[in-house]
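Summary of structural features
Next come the chains, spelled out residue by residue.
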Protein chains: 4
Amino acid sequence: MDSTKQQRRRGDTRQRIQDVALELFAEQGYEKTSLREIAERLDVTKAALYYHFKTKEEILVSIFEDLSRPIEDLIAWGSRQPHTLETKQDIVRRYSEALAAAAPLFRFMQENQATVRDLRIGEMFKTRMLGLRDILIDPEADLVDQVRCVSALFTLHAGMFVLQDLEGDPEKKRAAVLEVATDLVSQAHRGADGS
Amino acid sequence: MDSTKQQRRRGDTRQRIQDVALELFAEQGYEKTSLREIAERLDVTKAALYYHFKTKEEILVSIFEDLSRPIEDLIAWGSRQPHTLETKQDIVRRYSEALAAAAPLFRFMQENQATVRDLRIGEMFKTRMLGLRDILIDPEADLVDQVRCVSALFTLHAGMFVLQDLEGDPEKKRAAVLEVATDLVSQAHRGADGS
Amino acid sequence: MDSTKQQRRRGDTRQRIQDVALELFAEQGYEKTSLREIAERLDVTKAALYYHFKTKEEILVSIFEDLSRPIEDLIAWGSRQPHTLETKQDIVRRYSEALAAAAPLFRFMQENQATVRDLRIGEMFKTRMLGLRDILIDPEADLVDQVRCVSALFTLHAGMFVLQDLEGDPEKKRAAVLEVATDLVSQAHRGADGS
Amino acid sequence: MDSTKQQRRRGDTRQRIQDVALELFAEQGYEKTSLREIAERLDVTKAALYYHFKTKEEILVSIFEDLSRPIEDLIAWGSRQPHTLETKQDIVRRYSEALAAAAPLFRFMQENQATVRDLRIGEMFKTRMLGLRDILIDPEADLVDQVRCVSALFTLHAGMFVLQDLEGDPEKKRAAVLEVATDLVSQAHRGADGS
DNA sequence: CATGAATGAGCGTTCATTCAT
DNA sequence: AATGAATGAACGCTCATTCAT
């Protein structure tokens, strides 16, 4: 008797809220996305959102926690490895994959920095980034080489979204971005090492 | 007879609005900065803002137009130069200077991309960026080299703000960022050219 | 346990908003009646109004639609009748009754023409009036007779409100107005027909 | 050296304000016409309006006083005449002319009754109307005949504007309206008289 | 598992008006 | 004869949030 739609909906409302919310957050920004809008798209009431999440911010936090777990794991793993070039290149490659897998979230993070900064996930994200940086950077390295590493990170982040405007096969673009990032990290490593 | 404060205020209110607005926009984001807040800081009423600007957006537009003029000029100049390596390096160096001169504005632009995207300055900014890109990139160059150029741009942008957290002399940091960016552009040029 | 007042309020807020709104709109005009005023009279917040209606205009539209339904029906009915004198007299009589039944609304419509003109109900109202006119007027009739019919309509409308200032039994006044209107329509019919 | 425009403007600003104001008041209504709008059309500042008039209401009052003088005179004249049918017919005819001469003002008065009611001109207008009514109506006349006279008045007023939508020569339409109004007054007179 | 009804705070904007110059 | 600069009050509207049912 139940429509398939209704059956599908049973029990997965929480997930559906997260999906729609992320979509809208990424598309329009956090502030400009209202709970009313999210609720309307899901064909539930605003109050229903509050059954599943305590606040608007909590919705975002839950999305962030769910989708950025692989990256957290990656960083945890990386911290325990020796700071060899191979490790660094590995990290860069895996990070590139992780970013691609959770692209909408990271697009959101990049485009809403001002907002995110004083939300709970702001601190979380910053901590992760610093963790990543510490894996890639040798603290006694040349300042220029340190910048190279940071630059590699930004290349991965921004590359993702800015290059979407460009023509061409997305996989090829990602490969190119990865190559440049790897290059930067390798140059930095050689600099620190080489003397 | 008049207090100095009052004298200072005569005639420069428009400028003072822009200053305070930019400060708050950069600090808290565009959406989270209310006109009430701006007005209170200036010790005028909200309505006074509307004497000088037609809308909230107009305040931002006026700031953008005033502060980004040097960059517009730079791009205009660059477009008329031959696409040699020297030109590119020159552009990168000058762009770095221009960014530093209007740092709060560009910090704002970077941290409020989602918001800015559907404001008038969104289009303006995008157009400028594409202009810059077209100066640095050779269209028939390798995809990887194209990414290098875009990466150089982002390094300049992001480097500015992320490296503020780091220890050390700001001028030295800017020099390091500039070096990495120049490097990237040079590598890209050689790639396109050399083969 | 609940106060009667509170019980009364449950579920009929929408209706109460319409009632108070119409009262104030008719008394002071649409523009000069603020949502704050309506809300205060009902002892709810402005935001509560927005739970029940999307905009201020929507409140008015809903009132109009609810109260002018009988007239819409009357016109629909009239359009399907033969254009005999009896039909016309019937329409006039019934229209007079319908106007009396929704007097505050029509008083409002008459006294706020400039405002109503660029609201959604402006068009609706105009359409209805033209429908009525087409029932009463024979298109090939003498211009003077056409005016008589329009005049009959205005007599009904205006009579309602202007004659309130006058002394005397309201029912008698309505009867007098109706007689004059019927007279005008009859004269017009004879003119068109007779010769 | 001066442009003709500027020369024309010398000294007649007050008049120009009235002209533009009436135009906008009639077109959009009193409330929806802001002083900013009037000032902009005249290419002066809002403050300039306040040099010539004390308040927004004063602008309207001055327009009303200037344009409705002929009607005031007409009523004054009428009050001193014997209440014969000829006088009444004369009044109706002359009133019709006067209305046509100041059409925008009377269109405004009709479409902004709710607003005008609590402005100074509200009282003035009402007084005039009652004066007119007292000329046309015999107090001991039948109620129906009294309604006929009021109806004649409304026919003149409304006819003016509603019939603009209709096809045909404006002068002919005015003549038709006048005929109906005269008719109504004559019938009323005969009724009162005849017995 | 969710809704219906409401709130309090705040927002961007507009308005008629004032007054020193 | 008019402007430049500002004000105070209000307005329509939206938002995240709450809570009894």
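Residues numbered from 1 in each chain as written. Chains lettered and ligands numbered in written order. Predicted model: local features only at pLDDT ≥ 70, side-chain atom pairs only at ≥ 80, totals over all residues. Heavy atoms only, no water.

As recorded by an unreviewed UniProt entry, chain A carries the name TetR family transcriptional regulator and is attributed to Streptomyces ambofaciens.

With that settled, the discussion passes to the overall build of chain A. A tally of regular secondary structure across chain A gives 11 helices and 0 strands. With respect to the three principal axes, the spread of C-alpha positions in chain A is 70 × 35 × 30 Å. In chain A, buried positions account for 50% of the 195 residues. Residue pairs in contact within chain A that sit at least 24 positions apart in sequence constitute 69% of those at least 6 positions apart. Surface exposure of chain A reaches about 9,900 Å², of which carbon and sulfur atoms provide 50%. Across chain A, the centroid of the 28 positively charged side chains sits 5 Å from that of the 33 negatively charged ones. (Helix = DSSP H or I, 4+ residues; strand = E, 2+ residues; numbered from the N terminus. Buried < 20%, exposed > 50% of the residue type's maximum accessible area, 1.4 Å probe, protein only. Contact = heavy atoms within 4.5 Å. Areas by Shrake-Rupley, 256 points an atom, 1.4 Å probe, with all protein chains shown as cover. Lys, Arg positive; Asp, Glu negative; His and termini not counted. Charge placed at Lys NZ, Arg CZ, Asp CG, Glu CD.)

Copy one and copy two of the chain differ by a rotation about an axis and a translation along that axis. Mapping chain D onto chain C calls for a screw motion: a turn of 180° about the axis and a shift of 0.0 Å along it, with 0.1 Å RMSD after fitting. Considering both components of the superposition, the chain copies are consistent with a two-fold axis. Proximity to the rotation axis, assessed at the C-alpha, singles out D:Asn112 in chain D; its C-alpha lies 2.9 Å from the axis. (Least-squares fit on C-alpha atoms with pLDDT ≥ 70 in both.)

Contacts to DNA strand E come from 34 residues, most closely from A:Thr45, B:Tyr50, C:Tyr51, C:His52 and D:Lys56. In DNA strand E, atoms within 4 Å of the protein come 63% from sugar and phosphate. The separation between a phosphate oxygen of DNA strand E and a polar side-chain atom of B:Tyr50 is 2.4 Å. One of the side-chain nitrogen or oxygen atoms of C:Tyr51 is found 3.3 Å away from a phosphate oxygen of DNA strand E. Among the secondary structure elements, those contributing two or more residues to the surface near DNA strand E are α4 (46-52) of chain A, α3 (35-42) and α4 (46-52) of chain B, α4 (46-52) of chain C together with α3 (35-42) and α4 (46-52) of chain D. Broken down by class, the residue content of the surface near DNA strand E amounts to 14 nonpolar, 12 polar and 8 charged. (Near = heavy atom within 4 Å. Polar contact = N/O pair within 3.5 Å; in protein donor to acceptor, adjacent residues only side chain to side chain. Nonpolar A, V, L, I, M, F, W, Y, C, P; charged D, E, K, R; others polar.)

Here we come to the arrangement of the chains. A gap remains between chain A and chain D, which never touch, and the nearest two C-alpha atoms on either side lie 31 Å apart. Looking at chain B next to chain D, you find no contact at all, with the nearest C-alpha pair sitting 12 Å apart.

On to the protein's contact with DNA strand F, then. In the region of DNA strand F, 33 residues are neighbours, and B:Tyr51, B:His52, C:Tyr50, D:Thr45 and D:His52 sit closest. Each atom of DNA strand F within 4 Å of the protein was assigned to sugar, phosphate or base; sugar and phosphate come to 63%. Separating a phosphate oxygen of DNA strand F from a side-chain N or O atom of C:Arg36 is a distance of 2.8 Å. Measuring from a phosphate oxygen of DNA strand F, one finds a side-chain N or O atom of D:Thr13 at 3.2 Å.

For the rest of this paragraph, the subject is the environment of D:Phe161. Residue and element names in this part refer to chain D. Position of Phe161 relative to the elements: it lies in helix α10 (residues 143-162). Residue classification places Phe161 among the buried positions, given a relative accessible area of 11%. When the C-alpha atoms of Phe161 and Tyr50 are compared, they prove to be 32 Å apart, with 111 residues separating the residues in sequence. Not counting chain neighbours up to four residues away, the residues in contact with Phe161 comprise Ala103, Phe106, Arg107 and Gln110.

This brings us to the pattern of salt bridges. All names here are of chain A. Enumeration over the complete set of coordinates arrives at 64 salt bridges over all chains. Arg128 is the salt-bridge partner of Glu72, the closest N and O atoms lying 3.5 Å from each other. Here Glu72 is found in helix α5 (residues 56-79), whereas its partner Arg128 is found in helix α9 (residues 120-136), with 56 residues between them in sequence. We classify Glu72 as partly exposed; its relative accessible area is 39%. You can call Arg128 buried: its relative accessible area is 12%. Via salt bridges that share partners, Asp90, Arg93, Arg94 and Glu97 belong to a single interconnected network. (Salt bridge = Lys/Arg side-chain N within 4 Å of Asp/Glu carboxyl O.)

We now examine the interface of chain D and chain C. You'll often see interface size given as the accessible area lost when the parts meet. With 39 residues of chain D at the contact, the number on the chain C side is 40 residues. Inspection of the chain D/chain C interface yields 8 salt bridges. Between the two partners, chain D and chain C, sit 14 residue pairs in polar contact (both at pLDDT 80 or more). Elements that contribute at least two residues to the side of chain D that touches chain C include exactly α2 (13-28), α7 (103-111), α8 (113-117), α9 (120-136), α10 and α11 (170-194) of chain D. A breakdown of the residues in the side of chain D that touches chain C according to their chemical character gives 15 nonpolar, 9 polar and 15 charged.

Further remarks concern the UniProt feature "DNA-binding region" (unreviewed entry) in chain A. Mapped onto this structure's residue numbering, the UniProt feature "DNA-binding region" (unreviewed entry) falls at residues 34-53 of chain A. Between the C-alpha atoms that bound residues 34-53 of chain A the distance is 14 Å, and the span itself is 75% helix and 0% strand. (UniProt positions renumbered as here; feature names shortened; annotations may be inferred.)

Residue and element names in this part refer to chain C. Looking at the element boundaries, His189 is found in helix α11 (residues 170-193). For His189, a relative accessible area of 16% puts it in the buried group. Side chain to side chain, His189 and Lys88 meet in a polar contact 2.9 Å long.

Time to look at helix α6 (residues 85-101) of chain C. Across its 17 residues, α6(C) extends 24 Å between first and last C-alpha, which sits within 8% of the 24 Å expected from 1.5 Å per residue. Within the sequence span of α6(C), burial applies to C:Leu85, C:Thr87, C:Lys88, C:Asp90, C:Ile91, C:Val92, C:Tyr95, C:Ser96, C:Ala98 and C:Leu99. (Expected span 1.5 Å × (residues − 1).)

Next up on the list: the relation of the copies chain A and chain B. Superposing chain A onto chain B takes a rotation of 180° combined with a translation of 0.0 Å along the rotation axis, leaving an RMSD of 0.1 Å. Taken together, the interface assignments show that 100% of the residues at the interface of chain A recur at the interface of chain B, consistent with an identical surface on both copies.

In this section: the packing of aromatic side chains. All names here are of chain A. Per the counting criterion, the structure on display carries 16 aromatic pairs over all chains. On the basis of an interplanar angle of 55° and a centroid distance of 5.1 Å, the ring pair of Phe25 and Tyr30 is categorised as tilted. Judged by relative accessible area, which is 0%, Phe25 ranks as buried. With relative accessibility at 8%, the residue Tyr30 sits in the buried group. Members of the aromatic cluster, each reached through a chain of ring pairs, are Phe25, Tyr30 and Phe108. Above the face of the Trp77 ring, Arg94 is positioned so that its terminal group lies 4.3 Å from the ring centre. (Phe/Tyr/Trp six-rings, centres within 6.5 Å; stacked < 30°, edge-to-face > 60°. Lys NZ or Arg CZ within 6 Å of the ring centre and 35° of its normal.)

Even without a glycine there, the phi angle at A:Asp43 is positive, about 60°. Along the chain, A:Asp43 turns up in the loop between α3 (35-42) and α4.

Following both chains from N to C, one finds helix α10 (residues 143-162) of chain A and helix α11 (residues 143-162) of chain B inclined at 115°, their axes separated by 8 Å at the closest point. As for the relative orientation of α10(A) and α11(B), their crossing is right-handed in sense. Residue-level inspection shows A:Val147, A:Val150, A:Ser151, A:Phe154, A:Thr155, A:Ala158 and A:Val162 of α10(A) in contact with α11(B), the latter providing B:Val147, B:Val150, B:Ser151, B:Phe154, B:Thr155, B:Ala158 and B:Val162. Split into classes, the residues belonging to the contact of α10(A) with α11(B) amount to 10 nonpolar, 4 polar and no charged. (Axes fitted to C-alpha atoms, helices over the stretch in contact; angles between N-to-C directions. Left-handed = near helix turned anticlockwise from the far one by under 90°.)

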